[in-house]
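Next come the chains, spelled out residue by residue.
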Amino acid sequence: MTREERLALLPPEALAYIDARVEEAPEPTPELVEELRRIMTRPAGVTPRTQPAAHAA
C-alpha cells in the first residue's frame, strides 16, 4: 500500500490530529538517531563480516 493509499483511507480529522501530534514531538537526540540507524540498517544485528558461512551441500 502506498502512502497516498493510506492517506486516502483516513478522514481529514485524523490526518489533522496526526499532524498536530507530530508537531508536538521533540526532536530526536543524536544518540537516538544513531541507535535507530543501526536498527534499520541491520535489523537482525548481523553484519556481513559476522554472518555464519553457508554450509556447502
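As a reminder, the structure under discussion sits directly above these lines.
Treat the numbers as computed from the prediction; the structure is a model and nothing was measured. (Residues numbered from 1 in each chain as written. Predicted model: local features only at pLDDT ≥ 70, side-chain atom pairs only at ≥ 80, totals over all residues. Heavy atoms only, no water.)

1. Description of the overall build of the protein
Along its length, the protein carries three helices and zero strands. Beginning at the N terminus, the succession of helices and strands in the protein can be written as α-α-α. Sorting the 57 residues of the protein into buried and exposed places 0% on the buried side. Total accessible area on the protein is roughly 5,700 Å²; 61% of this is exposed by carbon and sulfur atoms. (Helix = DSSP H or I, 4+ residues; strand = E, 2+ residues; numbered from the N terminus. Buried < 20%, exposed > 50% of the residue type's maximum accessible area, 1.4 Å probe, protein only. Areas by Shrake-Rupley, 256 points an atom, 1.4 Å probe, with all protein chains shown as cover.)

2. Re the pattern of salt bridges
One pass over the full model with this rule turns up three salt bridges. For Arg21, the salt bridge identified is with Glu24, shortest N-O distance 3.4 Å. Residue Arg21 and its partner Glu24 are both found in helix H2 (residues 12-24); the two are separated by three residues, about one turn of the helix. On the accessibility criterion, Glu24 (59% relative accessible area) is exposed. Among the ionic pairs, Glu34 bridges to Arg37, the shortest N-O distance being 3.1 Å. Within this pair, Glu34 and its partner Arg37 are both found in helix H3 (residues 30-41), separated by three residues, close to a single helical turn. (Salt bridge = Lys/Arg side-chain N within 4 Å of Asp/Glu carboxyl O.)

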